[in-house]
Amino acid sequence: MRKRALFSFILILAIGMVLGACGDSGEGSSGGSDSDGTMTNLTMGTGSVGGVYYPLGGEMANLFKDNIDVDGFDVSSVESGASVENIAKIQSGDFQLGIAQNTTMINANNQTGEFEGKTTDKVGVIASLYPEGLQVVTLDSTGIESIEELKGKKVAIGPPGGATREAAEMVLSAYGIEEGDYQAYEEGFGDAKSKLQNGTIDASFAVVGVPSSTTDELASATKEVKFLDIEGDALQEVVDNSQYEAYTVEAGTYDWQEEPVQTVTAMALLLGSTEQVSEDLAYQITKTLFEKTDAMTIEQAKLITEDSALTGASDLPLHPGAEKYFKEVGIIE
């Protein structure tokens, strides 16, 4: 646990340093800026390989490049630690776009959680994308039947810099399992799948778009995937003390899933720099996202619709370009 504590300290220090640089205009990692500080060569932070953010970011980057005709326009999607890191790096100017969970963005906006005392006034919502479910996964061969039984076990709680880790610790705590009661593995989703498959760990937490290809791959390889429900008083405690909402992954969501699973959900958001992405470019990004989404092949793209364009983001600051588009199509007044 000392190693984990040291890693966590380093992460928090790094985020502080990134956010502390917000007073600088910054040119970002993708090249120089125009005279007004805006950029057309953009970097988009996604998530770890094995999650949904990573392939979705790649498809969105291609969608924007194929449909937006602006001189010098380009988007590079990059692997990252996901929500926390993406918000922090948009604020600092290292990323211009990023995907993040709405619960993390709410914390950033309220300067709570990982963002206590940190300003993120250069980050605006471009759109809500799709609902994410917290999947708690084990295998039949572990003999684990409930979250209570994770005490003393080896558990993947997600990588530092992502929303999964915070959610995992919150759920475990709701079941009376605190830090030190289990062996934590700070793994990305792909690595967690491999470790679960080879028996290195006993269970894995993942806040991820449902259905998840990584979970499907694990089921295909092992034929024994088991979901652990978040239910009863523990579920109520999580809902009462966070931005998460109760959510049911219905039977048949995965071809091999026979029973419904009770869990919690949040929304994935696309965020943009209000300083480095101009109003006009953000407008075109938003318009392209909703009007050309059929060109994307990832399963979650089907859930990106105008009906849910601001779900979970109604109290968050919008990017002016996104606000212009939403007013134009009547989503907001």
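Calculation rules
Every chain's residues receive numbers from 1 upward, in the order its sequence appears when written. Local features in this predicted model are restricted to residues of pLDDT 70 or higher, and side-chain atom pairs are both shown and tallied only at a pLDDT of 80 or more, whereas totals for entire chains, interfaces and linings draw on every residue. Values reported for side chains reflect all heavy atoms of the structure, with hydrogen atoms and water molecules removed beforehand. By the criteria applied, helices consist of DSSP H or I runs no shorter than four residues and strands consist of E runs no shorter than two, each listed in order from the N terminus. We define the nonpolar core as a collection of buried residues of types Ala, Val, Leu, Ile, Met, Phe, Trp, Tyr and Cys that are connected through side-chain atoms lying within 4.5 Å of one another. Type-normalised accessible area, obtained with a 1.4 Å probe on protein chains alone, sets the label of each residue: buried when under 20%, exposed when over 50%, and partly exposed for intermediate values. Every residue pair with non-hydrogen atoms within 4.5 Å of one another is taken to be in contact. A pair is scored as a salt bridge if a Lys or Arg side-chain nitrogen falls within 4 Å of a carboxyl oxygen belonging to Asp or Glu. Two aromatic rings from Phe, Tyr or Trp, using only the six-membered ring of Trp, form a pair when their centres are within 6.5 Å; if the ring planes differ by under 30 degrees the pair is stacked, by over 60 it is edge-to-face, and anything between is tilted. Note on criteria: charge over ring means Lys NZ or Arg CZ within 6 Å of the ring centre, with the direction from the centre no more than 35 degrees off the ring normal. All axes here are fitted lines through C-alpha atoms, helices being fitted over the stretch that makes contact, and every angle between N-to-C directions spans 0 to 180 degrees. Note on terminology: angles under 35 degrees are roughly parallel, angles over 145 are roughly antiparallel, angles of 65 to 115 are roughly perpendicular, and the others are oblique. Working rule for handedness: look at the near helix, and if it is turned counterclockwise from the far one by less than a right angle, call the crossing left-handed; if clockwise, right-handed. Ten residues, namely Ala, Val, Leu, Ile, Met, Phe, Trp, Tyr, Cys and Pro, are considered nonpolar, four, namely Asp, Glu, Lys and Arg, are considered charged, and the remaining ones, Gly among them, are considered polar. Confidence per residue, as judged by the predictor, is encoded in pLDDT with a range of 0 to 100.

Peer 1: Explain the environment of F189 here, please?
Peer 2: Summarising the element assignment, F189 is placed in helix α6 (residues 189-197). Sequence separation between F189 and I157 is 32 residues, and the spatial gap between their C-alpha atoms is 9.4 Å.

Peer 1: Any chance you could explain the nonpolar core here in plain terms?
Peer 2: Generally speaking, soluble globular proteins have nonpolar side chains that are buried together. With 41 residues, the main nonpolar core has L42, L56, M60, F64, L129, I285 and L289 as its most contacted residues. Mapped by element, the contributors of at least two residues to this core are β1 (41-45), α2 (53-67), β3 (97-101), β4 (123-139), β7 (203-209), β10 (261-273), α9 (279-291) and α10 (320-328). Discounting residues that sit within four places of it in the chain, L289 has contacts with M60, L63, F64, A127, L129, L270, M296 and I304. If you look at the next biggest cluster of nonpolar residues, it comprises 28 residues, including V155, I230, L235 and V238.

Peer 1: Could you clarify how one ought to interpret the pattern of salt bridges in this entry?
Peer 2: A pair can form between side chains of opposite charge whenever their charged atoms are brought close. Counted by the stated rule, this structure contains twelve salt bridges. Residue D74 pairs with K65 through a salt bridge whose shortest N-O separation is 3.9 Å. A relative accessible area of 35% means that K65 is categorised as partly exposed. In this structure, E186 engages R165 in a salt bridge whose closest nitrogen and oxygen atoms are separated by 2.4 Å. Taken as a pair, E186 in the loop between β6 (183-185) and α6 and R165 in helix α5 (residues 163-174) lie far apart in primary sequence, 21 residues in all. The exposure class of E186 is partly exposed, given its relative accessible area of 22%. Look at the salt bridges and you will find they share partners, linking D140, E145 and K226 into a network.

Peer 1: I'm lost on the packing of aromatic side chains in this one. Help?
Peer 2: Centre-to-centre distance and the angle between the planes together describe a pair of aromatic rings. Counted under the stated rule, the structure contains seven aromatic pairs. Ring pairing ties together the aromatic residues Y283, F290, Y325 and F326, which thus form one cluster. Cation over ring: K324 sits above Y283, and NZ or CZ is 4.9 Å from the ring centre.

Peer 1: What is the right way to look at the packing of α5 against helix α8 (residues 232-240) in this model?
Peer 2: Packed helices, taken two at a time, are described by the angle between their axes plus the distance between the axes. Relative to each other, α5 and α8 sit at 135 degrees, their axes nearing to 8 Å. Classified by the angle their axes make, α5 and α8 are oblique. Considering the relative orientation of α5 and α8, their crossing is right-handed. For the pair formed by α5 and α8, the contact residues are M170, V171 and A174 on the first element and A234, E237 and V238 on the second. Across the contact of α5 with α8, the residue classes break down as five nonpolar, no polar and one charged.

Peer 1: Quick question: what am I supposed to make of helix α3 (residues 83-92) here?
Peer 2: Because an α-helix completes one turn every 3.6 residues, residues spaced three or four positions apart along the sequence face the same direction. With eight of ten residues buried, α3 is to be regarded as a mostly interior element. All buried positions along α3 are accounted for by S83, V84, N86, I87, A88, I90, Q91 and S92.

Peer 1: Is there a simple way to think about the confidence of the model for the protein in this case?
Peer 2: A low pLDDT means the predicted coordinates there should not be read in detail. Of the residues in the protein, 89% reach a pLDDT of 70 or more, and the chain-wide mean stands at 90. Every residue in residues 1-13 scores below 50 in pLDDT, and together they form 16 contacts with partners more than four places removed in sequence or on other chains. Every residue in residues 20-32 scores below 50 in pLDDT, and together they form 27 contacts with partners more than four places removed in sequence or on other chains.

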